[in-house]
Amino acid sequence: LKVGVSCCLQVALRIRPLSDAEQEEGATIVAHRVDEQVVVLMDPMEDPDDILRANRSREKTYMFDVAFDFSASQEEVYRATTKGLIEGLISGYNATVFAYGPTGCGKTYTMLGTDKEPGIYVRTLNDLFRAIEETSDDMLYSVSMSYLEIYNEMIRDLLNPSSGFLDLREDAKGVIQVAGITEVSTINAQEIMELLMKGNKLRTQEPTAANKTSSRSHAVLQVAVKQQSRSRDVLQEVRFARLFMIDLAGSERAAQTQNRGQRLKEGAHINRSLLALGNCINALSDKAGNKYVNYRDSKLTRLLKDSLGGNSRTVMIAHISPASVAFEESRNTLTYADRAKSIRTRVKKNLINVSYHIAQYTSIISDLRSEIQRL
Ligand code: ADP
Ligand code: MG
């Protein structure tokens, strides 16, 4: 992604590989990446003849800043979405990266990843430390990270869960802080990965009808970069920037998870946070700049206040499954991501050769059509 001077929401879309479970269910692939920006979603109609009889398009195409499918490596996803934020971060610009999508579609894989295939968290921290090393010696940097969960509108320290629920406080400079949160300043990648893996296991995960380990919580990795002049004689200029990397709770609808009682309450909170986030981003990107931004609506948006409201670059990575069985959820997610994308229409867009794209997906669609007919 080219993160320009004008700050706005950048939207990436990642389609994960078909899972074994989906394959066993006999699911087919209905979400395809056409090229580096375009994705097509096919409606898996029961009767292929219906498609022909209806004689209308059963496929919908979407365009994002960048699109990935099963073939994309963790490094590729990191490079195209997050790497570009680091330069801004060390010069004092806030940034936010969040993973959005239904449970099981790859949010945690993208953000945390595995030991062998680390995700955005560790790659970003590594590059941040490297970038700081390469900067001039007159500046002194300190980096600290904390890892927390927002569950049911309550904040827990994932690096020290025994500390109970934590509160948000405004510090002397008016920056929202999580009171009493553990801050770690290690620069050892292996150590960081272990801390995050351990913390991730402590996330609140409850079984629901939709998924056995549905993530009902938002996980937030907060990276604070403080910068000051080394010289003692000169007035020390202190710059402070924060990067939030967020693994959001599953975006699936409460109705679909057949939630009851407690689950329903949690669902409402999760939706509240997701909704509040969407509303804030909407208001912030209002061209006239006169929309009221209601950060106070949820813990998540209160925490993100400085990150979203100041000089911030924000990247959303939306996740979907390619499977026919996930069609409805995928369509919802694509619609949400598409709307988020349209928020930044005022930003100068990369030149897009429309006819090229049309030719590309026309050919893919006809391939898929003949595949359906062959079935
Ligand atoms: P979420 O956090 O959105 O609920 P996960 O990240 O836990 O979903 O992904 C669900 C499963 O799919 C995990 O077993 C994960 O390892 C696997 N997975 C997700 N995305 C990918 C990918 N791009 N490549 C390989 N495996 C993936
Ligand atoms: Mg997850």
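Rules and cut-offs
Going along each chain's sequence as written, the residues are numbered from 1 onward. All chains are assigned letters beginning with A, and all ligands numbers beginning with 1, in the order in which they are written. The predicted origin of the model limits local features to residues at a pLDDT of at least 70 and limits the giving and counting of side-chain atom pairs to 80 or more, whereas totals for whole chains, interfaces and linings rest on all residues. In this description a helix means any DSSP run of H or I spanning at least four residues, a strand means any run of E spanning at least two, and both kinds are numbered starting from the N terminus. Buried, partly exposed and exposed are defined by the number of other C-beta atoms within 10 Å of a residue's own C-beta, namely 20 or more, between the two limits, and 12 or fewer respectively, with C-beta atoms placed from the backbone. Residues are scored as being in contact if the C-beta atoms we place from backbone atoms lie within 7 Å. What makes two strands pair is DSSP finding at least two bridges between them. Inter-axis angles, ranging from 0 to 180 degrees, are taken between N-to-C directions of lines fitted to C-alpha atoms, where helices are fitted over the stretch in contact. Remark: nonpolar core denotes a set of buried Ala, Val, Leu, Ile, Met, Phe, Trp, Tyr and Cys residues whose joining runs through C-beta atoms within 7 Å. UniProt positions are given in the numbering used here, feature names are shortened, and annotations may be inferred rather than shown by experiment. By definition, a residue lies near a molecule or strand when the C-beta atom built from its backbone is within 6 Å of it. Each residue receives one of three labels: charged for Asp, Glu, Lys and Arg, nonpolar for Ala, Val, Leu, Ile, Met, Phe, Trp, Tyr, Cys and Pro, and polar for the others, Gly being one of them. The quantity known as pLDDT measures the predictor's confidence residue by residue, on a range of 0 to 100. When an angle is under 35 degrees it counts as roughly parallel; over 145 it counts as roughly antiparallel; between 65 and 115 it counts as roughly perpendicular; any other value is oblique. Two helices crossing with the near one rotated counterclockwise from the far one by less than a right angle form a left-handed crossing, whereas a clockwise rotation gives a right-handed crossing.

## So, the overall build of the protein chain
Argument step 1. Secondary structure assignment for the protein chain yields twelve helices and 16 strands.
Argument step 2. Expressed as a percentage of the 375 residues in the protein chain, the buried residues total 39%.
Argument step 3. In the protein chain, once contacts between residues fewer than 6 apart in sequence are set aside, the share between residues at least 24 apart is 71%.

## Comments concerning the environment of Met 63
Argument step 1. Turning to its location among the elements, Met 63 is positioned in strand S4 (residues 59–63).
Argument step 2. When the C-alpha atoms of Met 63 and Ser 163 are compared, they prove to be 44 Å apart, with 100 residues separating the residues in sequence.
Argument step 3. In contact with Met 63, not counting residues within four places along its chain, are Gln 37 and Val 38.

## As for the sheet that holds strand S5 (residues 66–68)
Argument step 1. The strand order across the open sheet built from nine strands is S5-S1-S16-S6-S15-S14-S7-S8-S9, with neighbouring strands paired in mixed fashion. Edge strands, defined here as strands with exactly one partner in the open sheet, are S5 and strand S9 (165–166).
Argument step 2. With five bridges joining them, strand S6 (residues 94–100) and strand S15 (residues 238–247) adopt parallel strand pairing. By the bridge assignment for S15, Ala 95 is matched with Leu 243.
Argument step 3. Running at roughly 170 degrees to S5, helix H3 (residues 74–81) makes contact with strand S1 (9–15), S5, S6 and strand S16 (312–320) of the sheet.

## Brief notes about the nonpolar core
Argument step 1. The biggest cluster of nonpolar side chains holds 80 residues, and the ones touching the most others in it are Val 39, Phe 64, Leu 89, Tyr 121, Met 245, Met 316 and Ala 337.
Argument step 2. Element by element, the count of residues in this core is highest for strand S7 (residues 139–151), at six residues.
Argument step 3. With residues near it in sequence (within four places) discarded, Met 245 still touches Val 97, Met 111, Ile 120, Tyr 121, Thr 124 and Leu 221.

## With respect to the sheet that holds strand S2 (residues 31–33)
Argument step 1. Taken together, three strands build an open sheet; the order of strands is S2-S3-S4 and the sheet is antiparallel. Two strands in the sheet have a free side with no partner beyond their single neighbour: S2 and S4. Going from strand to strand, the sheet's axes swing by 20 degrees on average, the running direction of each strand aside.
Argument step 2. Where S2 meets strand S3 (residues 38–42), three bridges bridge the pair, whose relative direction is antiparallel. The residue of S3 that forms the bridge with His 32 is Val 40.

## Points about the UniProt feature "binding site: ATP" (unreviewed entry) in the protein chain
Argument step 1. Mapped onto this structure's residue numbering, the UniProt feature "binding site: ATP" (unreviewed entry) falls at Gly 101, Pro 102, Thr 103, Gly 104, Cys 105, Gly 106, Lys 107 and Thr 108.
Argument step 2. According to the C-beta neighbour criterion, Thr 103 is buried, with 22 such atoms within 10 Å.
Argument step 3. By secondary structure assignment, the location of Thr 108 is in helix H5 (residues 107–111).
Argument step 4. Once you skip the residues sitting within four places of it in the chain, Thr 108 turns out to touch Asn 200 and Asp 247.

## Examining the site of ligand 1
Argument step 1. Around ligand 1 lies a shell of 13 residues, among which Arg 16, Gly 106, Lys 107, Thr 108 and Tyr 109 are the nearest.
Argument step 2. Per-class residue counts for the shell around ligand 1 are three nonpolar, eight polar and two charged.

## Regarding the environment of Thr 110
Argument step 1. Along the chain, Thr 110 turns up in helix H5.
Argument step 2. With sequence-adjacent residues up to four places away left out, Thr 110 is seen in contact with Arg 14, Val 77, Ala 99, Gly 119, Ile 120, Ile 317 and His 319.

## Focus on H3
Argument step 1. Of the positions making up H3, those classed as buried are Val 77, Tyr 78, Ala 80 and Thr 81.
Argument step 2. If you follow the buried residues of H3, they end up packed against S1, S5, S6, H5, helix H6 (120–134) and S16.

## Details of the pairing of S3
Argument step 1. With four of its five residues buried, S3 lies for the most part within the structure.
Argument step 2. Hairpin connection, S2 to S3: the antiparallel pair is bridged by four residues.
Argument step 3. Strand direction decides the pairing type here: S3 and S4, joined by five bridges, are antiparallel. Each bridged residue has a counterpart across the sheet, and for Met 42 the counterpart in S4 is Glu 59.

## A closer look at the confidence of the model for the protein chain
Argument step 1. With 78% of its residues at a pLDDT of 70 or more, the protein chain has an overall mean of 82.
Argument step 2. Put simply, strand S12 (residues 205–206) is where the protein chain has its lowest mean pLDDT, 64, and H3 is where it has its highest, 98.
Argument step 3. In the model, residues 1–6 has pLDDT below 50 throughout and makes 16 contacts with residues more than four positions away in sequence or in other chains.
Argument step 4. Across the interfaces of the predicted complex, the ipTM metric reaches 1.00, alongside a pTM of 0.84.

## Details of the packing of H6 against helix H7 (residues 189–201)
Argument step 1. Following both chains from N to C, one finds H6 and H7 inclined at 150 degrees, their axes separated by 10 Å at the closest point. Between H6 and H7, the angle falls in the class roughly antiparallel. Read as a crossing pair, H6 and H7 show a hand that is right-handed. Contacts from Tyr 121, Val 122, Leu 125 and Asn 126 in H6 reach Ala 189, Ile 192, Met 193 and Leu 196 in H7.
Argument step 2. For the contact of H6 with H7, the residue count by class is seven nonpolar, one polar and no charged.

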